[in-house]
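Each chain, letter by letter, is given below.
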Amino acid sequence: MTKKYDVIVVGGGHAGCEASLAASGIGCKTLLLTMSVDTIGLMSCNPAIGGLAKGQLVNEIDAIGGQMARATDAALIQFRLLNTKKGPAVRSSRAQVDRQAYRLYMRSIIEGEPNLTVKEGMVDEILVKNGLIEGVRTSLGETYAANALVITPGTFLNGLLHIGLEHMPGGRIGERNSTGLSASLKNLGVRLGRLKTGTCARLDGKTINFDKLAVQHGDEDVIPFSFRTKKITREQLPCYITYTNNKTHDIIRSGLDRSPLFTGIIKGTGVRYCPSIEDKIYRFPGRDRHHIFLEPEGLNTTEYYPNGISTSLPIDVQEKIVNSIEGLEKAKITRPGYGIEYDYSDPTQLYPTLETKAIAGLYLAGQINGTTGYEEAASLGLVGGINAALKVLGKKPMILDRSQSYIGVLIDDLVTKGTNEPYRMFTSRVEYRLILREDNADLRLTPIGHEIGLISDAQYSETMQKSEKIDREIKRLKESRMEKILRRPGVSYEELASEGKPDDLRPAEIRVVETEIKYEGFIKRQLGDVSRFGKIEGVRIPETIDYKKIPSLSSEIKEKLSMIKPVNLGQASRISGVTPAAISILMIYIEKFRKESR
């Protein structure tokens, strides 16, 4: 071994960035191995962060001590708060960002981290001895030793690009894929499957007729993604809206005989909630048009991303599709859209820490876990990096449950239920979304980030002061009985509290105060549900338990429990096919098992 590290992270995408920064930030000597230093933090698809449920993930990453929110604020060129006409439980932030500014910011943060070393290299082999991680070997024969390894390969794991009937190996257009790492995982017994995603063509803004398009401006009130960013004053750029039409749809149908998706060339399962334009035309034949959002790629480029027409059709068909759309009649494609297939690992092979059950010290994070989206990948990378570091340091792992965070729901869904299609986060997946809002993510999770060492004493103190100010103001409003008026529809805090309002109460704190009062009854009800949920979540299942020895359980349930290895009764209850009766039997057996083990 040429050099020994505490933690090695493979891959420099969104998951790899968060994993390497988390492990090094906690105090571990960390190595980030990436195929290209120049593409660290690069956005492969659309130039945006956040969105429905994804905004919550970004806020939670920030609250624990990750970097995605800060990078977003540094590169933000348009902000919108989504679902403003609905309740606070489902409101989410979304930002258009400058792709290059985001990449450069993330690279600078990584290169400035003292405990983190960055090297270019393609990992071909994972080195394991007696079921424990030993290190990695690159395609050039270099070997690096480590006590823990986090694999974050994105779409590069045995990636195959598709444009029409042409296909070529690659992890992103113009970049190599990784085949050796995929083979190494298989040799170690990791079950791999195949998924598919895709991206849109990019357009030359100089050839777009913006006069024919509807303008979509951002919100005037820009809410920073990071709780550490006080204000964003950068000028915002508009997006533009146009639509496909019947001519567009006819062109797409005429090209399906050369579509890798419809000719059976692509075998992987695609993204259900972000389908290609050819898939949308096929699945929704009654729709006469589909939205297209033209999103600027950055401040210093004329490229636009036509969000809504992801495709893997041949280039000549892509050109016809684009030119059939209003405002894009003369638009030129600068880079074609394409589909990509890649390997992923069945996430039920992981513990909630994201450590593999078969190999101690091996963590998998990001799209390799079956997810889609920058935000999901970054969330998993953060948790994988944290737990890899905590394991090396001999500390207890960080496990977030469903009542604590969107990240907890994301991981629990993956490791308990698995997925056979790219998993995307939605507010509807979250049972306690009224208490797991964007505006209180720091109040919920900053204490955890502080405890593990990613949040400084000063940041923690600031969050605690914020909490005290909010509690104090809620108490003041209740004592003056103004909270009863505030609960009325249409009454805002600003209108009600113009007199006597504390001078130091910030807009972010006011939002929390208003929500906590207006929805107090619903919040109390959900907190009661969480309390009941905590009772079953708190029943830990001994690691040495043998489910095959438990009488009265069916063979199917024994098999599923043995495969998933749930860490507590709550997780066991969410395994498909495990009945309430089986949970009761398991609860009794656990108590008996513990008594006999004493």
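Relevant structure appears above.
In this report, we go over the structure that sits alongside the text.

Cut-offs used in this document
- Residues numbered from 1 in each chain as written.
- Predicted model: local features only at pLDDT ≥ 70, side-chain atom pairs only at ≥ 80, totals over all residues.
- Heavy atoms only, no water.
- Helix = DSSP H or I, 4+ residues; strand = E, 2+ residues; numbered from the N terminus.
- Buried < 20%, exposed > 50% of the residue type's maximum accessible area, 1.4 Å probe, protein only.
- Contact = heavy atoms within 4.5 Å.
- Expected span 1.5 Å × (residues − 1).
- Phe/Tyr/Trp six-rings, centres within 6.5 Å; stacked < 30°, edge-to-face > 60°.
- Lys NZ or Arg CZ within 6 Å of the ring centre and 35° of its normal.
- Axes fitted to C-alpha atoms, helices over the stretch in contact; angles between N-to-C directions.
- Parallel < 35°, antiparallel > 145°, perpendicular 65-115°, else oblique.
- Nonpolar A, V, L, I, M, F, W, Y, C, P; charged D, E, K, R; others polar.
- Core = buried A, V, L, I, M, F, W, Y, C linked by side-chain atoms within 4.5 Å.
- Salt bridge = Lys/Arg side-chain N within 4 Å of Asp/Glu carboxyl O.
- Pairing = 2+ DSSP bridges.

Structural notes on the environment of Leu21
Step number 1: As for its placement among the helices and strands, Leu21 is situated in helix α1 (residues 14-26).
Step number 2: Residue Leu21 is classed as buried on the basis of its relative accessible area of 10%.
Step number 3: If we ignore the near neighbours within four places in the chain, the residues touching Leu21 are Gln67, Met106, Ile109, Ile110, Glu113, Leu116 and Leu454.

What about α1?
Step number 1: With 13 residues, α1 extends 18 Å from end C-alpha to end C-alpha; this agrees with the ideal 18 Å at 1.5 Å per step.
Step number 2: Of all the residues in α1, the buried ones are His14, Ala15, Gly16, Cys17, Glu18, Ala19, Ser20, Leu21, Ala22, Ala23, Ser24 and Ile26.
Step number 3: Phi turns positive, to about 125 degrees, at Gly27, one or two residues after α1.

Considering the packing of aromatic side chains
Step number 1: Taken as a whole, this structure holds nine aromatic pairs when the rule is applied.
Step number 2: Connected via pairs of aromatic rings, a cluster forms that spans Phe210, Tyr240 and Tyr304.
Step number 3: Cation over ring: Lys29 sits above Tyr5, and NZ or CZ is 5.8 Å from the ring centre.
Step number 4: Above the plane of the ring of Tyr423 lies Arg429, whose end atom (NZ or CZ) is 4.1 Å from the centre.

Details of the packing of helix α2 (residues 54-64) against helix α11 (residues 441-452)
Step number 1: Packing of α2 against α11 brings their axes to within 7 Å, and their N-to-C directions diverge by 40 degrees. Classified by the interaxial angle, the pair formed by α2 and α11 is oblique. Here Asn59, Glu60, Ala63 and Ile64 of α2 come into contact with α11, specifically with Ala441, Asp442, Arg444, Leu445, Thr446, Gly449 and Ile452.
Step number 2: Here the residues of the contact of α2 with α11 are counted per class, giving five nonpolar, three polar and three charged.

Details of the environment of Ser531
Step number 1: Tracing the backbone shows Ser531 in helix α16 (residues 520-537).
Step number 2: A residue is classified by how much of its surface remains accessible, and Ser531, at 44% relative accessible area, is partly exposed.
Step number 3: Note: C-alpha distance between Ser531 and Ile126 (405 residues apart in sequence) is 42 Å.

Re the nonpolar core
Step number 1: Formed by 97 residues in total, the largest nonpolar core has its most connected members in Ile8, Ile64, Leu149, Ile151, Ile386, Met398 and Met425.
Step number 2: When residues of this core are assigned to their parent elements, the largest contribution, nine residues, is made by helix α9 (residues 374-392).
Step number 3: Listed in part, the 20 residues of the second largest apolar core include Leu213, Ile252, Leu256 and Val322.

A few points about the pattern of salt bridges
Step number 1: Tallied over the full model, the rule gives 40 salt bridges.
Step number 2: Among the ionic pairs, Arg444 bridges to Glu60, the shortest N-O distance being 3.0 Å. Of this pair, Arg444 sits in helix α11 while Glu60 sits in helix α2, and the two are 384 residues apart along the sequence. The two residues Arg444 and Glu60 agree in class, both being buried.
Step number 3: Where Asp413 meets Lys417, a salt bridge forms, and the shortest distance between an N and an O atom there is 3.5 Å. Of the two residues, Asp413 and Lys417 both sit in helix α10 (residues 406-417), four residues apart, roughly one turn of that helix.
Step number 4: According to the relative accessible area criterion, Asp413 is buried, its value standing at 5%.

What to know about the sheet that holds strand β12 (residues 192-199)
Step number 1: The sheet built from four strands is open, its strands ordered β11-β10-β19-β12 with antiparallel pairing. Two strands in the sheet have a free side with no partner beyond their single neighbour: β11 (166-169) and β12. Taking each pair of neighbouring strands and ignoring which way they run, the sheet shows an average axis angle of 25 degrees.
Step number 2: By the bridge criterion, four bridges tie strand β10 (residues 160-163) to β11 in an arrangement that is antiparallel. Bridge pairing in β11 links Ile163 to Glu166.

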